[in-house]
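# Fold and contact review
Each chain, written out:
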Amino acid sequence: MRLAALTLSGINLSSPAEYCLSLKKTLLETEADLAVLPAYSSLLLAFSSGRYDESPAFCDLLNEMPPRLEQWNEEFLSLHSELAAELGLYLVPGTYLEVCNQNIYHCACCFNPEGRVIAVQRQTHLNREERELGFSRGEELKLFKVGELKVGLLIGCDARHPETGRLLALQGADLVLHCGALDAGVNCWSQAAGIWAQVQQNQFWAVEAPLCASMAGRIFAAAPIIHGPCEITQDKSGYLCRRYPGDPYAAGNINEAARQALKKRYPLLGLLNPHAYGALEHS
Amino acid sequence: MLLDRLKEKLFQRYLVWLFRPARLRRFLKGELPCNIAPMVADKRKIRVAALQVKLELYKNPLHYAARAHERVKEAHRLGAQIVVFPEYNSLPLFGLLPGVDQMDNGLNTPNSSAEKPAISPADIFNFMTPAVMPFIDTLFSRLASAYGIYIMAGSYPLADGKDLVNRSFLYGPGGKLLGSQDKVHLLPMEVEWKMKKGNCFRHFNTGFGTLAMPVCMDATYFETFRLLEADGVDIALLPIANLEEYNYWLALRGIWPRVQESALYGVKSALVGNAAGFTFTGKAGIFAPLELTSDHSGVLAETENPCGDAIAVADLNLEALQDLRSEHPWRDKNPAILKTLNEAYRLL
């Protein structure tokens, strides 16, 4: 299976139609069976294609979105559904905001090659800014099937909370898809402390798709990466493919037989010691 | 058979005599300083030293003691208030066993039972415990007391009754043994040796912050550091002995990500080198949350080379750590996810 992490760098965002054409071209280039777009993709397209009357600050973007949300979400999701069906791939279109019972959730979903939604996931851990903006946390992490693989979705700073990856791994995750957005800066270490660390302690594959774009006074940039356990990557780095921040995508093929052999040889999850974890429940 | 047992008993008695604490005390009396005042704790600047110890086999336990003293003396000269020794810190003393220096496949457990040796690693550790451990206790108690510092003496494979455990020890500036910690997550090799795993993590409140000393593989699991953080631990002292060829990324997988996930400081000491068919690699280092390192690397100090003797020294600021914890930019808790995770643990 070939996986791709897209950053939206270089994608034409001037209108949904231009976006579709531009994204299609990049997706074809990746030759991926499964592609993941970064966090805030819906917000970025809405902002860049003139859905806002003025140019608000980033936090205002998030605040002003809800009133027009339902209609925009429908448009945003349907254009990605059509793309997934047209290209015959699994597609995670990045993230969008959803209002449910007056709670705002930061969500991602996955379309199958027929263009149907096969999974929806809410962000489960919020950073300080997201909490101040009034977002609510999702309360479950569920797996879905992509071919023979069991797959989970993580959003934003879920990546930095190892409980998320462990829960997915204990449910049997083979692959974790992450939609992220980090402020531009030295992010190689925070990325390593996030998804890379989750992969190494759970022995699954991961696709890390961080946003590379500028929006409402904020600049986002980080490296798109396809991760695997160190032992089964060429230089033992844990990076099957890692590109520079600003590159449009990273793509790589996974060898599931090699991962299964590693798990048998070095069963990390089998060496957990849950008898010692009693106090975690109350921590 | 009877004769073999008799020889074994006699040899063990010889080792007990050779390692006797009284002999060590006499030796140290002429070596250790006697007028060093304990250091004053400043929570904004606690100097810690992580030792990288080259594995050498000793035929005389006093040579081992002298080398340990040199290391502590050097760390003290550099201003260290907490000194950390590595995992399997008694292996150099196994040089006293006949034939160990000629071994070429270490104590590695063979894969097939047909290759199983007559003596298992567990047998050797059990055999050495009565002689070695009183010696170790005396040595590190005296060193801590003489220099007025905290010493995490590393970890030791030892017999505790009928159980084999991998246990680390912490000594206070008065030379008192403050406590011990059994390794909670075992390597597959240790599982094969039928080692008993610990079932909790302990912490020690000191004038230099709250300390804990998980052992090596414990740092592979985020759960360890979450538990330490919940106990208010500021500094995790981690002894390691990695049986693998050095690779930057493989080495990064232990304490570094754990320190990032659960905001605390980490001090890693490493046993390195070749002996008795073992090859250990690793760099001693001192780690902090990215937010508390000027280059955002999460590394305060690290030795340059994964082989040979070395020392890493750095200052830790516990007040800055508390500030980060209370105003953390991205940390969050999700009780629903934690509940589901705990249910998943129960199914294991």
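Worth saying up front: this structure is predicted, and the values here are computed from it rather than measured. (Residues numbered from 1 in each chain as written. Chains lettered and ligands numbered in written order. Predicted model: local features only at pLDDT ≥ 70, side-chain atom pairs only at ≥ 80, totals over all residues.)

## Here's the deal with unusual backbone geometry
Residue and element names in this part refer to chain A. With a phi angle near 55 degrees, Glu31 is a residue other than glycine that sits in the positive phi range. Mapped onto the secondary structure, Glu31 falls in the loop between helix 1 (16-30) and strand 2 (34-36). When the 12 C-beta atoms within 10 Å are taken as the criterion, Glu31 is described as exposed. (Helix = DSSP H or I, 4+ residues; strand = E, 2+ residues; numbered from the N terminus. Buried ≥ 20, exposed ≤ 12 C-beta atoms within 10 Å, placed from the backbone.)

## As for the pairing of strand 8 (residues 235-240) of chain B
Residue and element names in this part refer to chain B. Burial within strand 8 is extensive, with six of its six residues counted as buried. Burial of the side chains of strand 8 extends over both faces: Ile235, Leu237 and Pro239 are buried on one face and Ala236, Leu238 and Ile240 on the other. Examined bridge by bridge, strand 7 (residues 209-212) and strand 8 share two bridges and lie parallel to one another. Residue pairing for strand 8: Leu211 is matched across the bridge by Ile235. Regarding topology, helix 6 (residues 222-230) serves as the crossover connection from strand 7 to the parallel strand 8, and that connection is right-handed. Here strand 8 runs beside strand 9 (residues 265-275); their pairing, made up of six bridges, is parallel. Among the inter-strand pairings, Leu238 is bridged to a residue of strand 9, identified as Lys268. (Pairing = 2+ DSSP bridges. Right-handed = clockwise from strand over helix to strand, strands pointing away.)

## Considering the confidence of the model for chain B
Residues and elements named next belong to chain B. Across chain B, the average pLDDT comes to 93, with 95% of residues at or above 70. In the predicted structure, residues 109-113 sits below a pLDDT of 50 and forms five contacts with residues beyond four places in sequence or in another chain. Note on the complex model: pTM 0.95, ipTM 0.96. (pLDDT = per-residue confidence, 0-100. Contact = placed C-beta atoms within 7 Å.)

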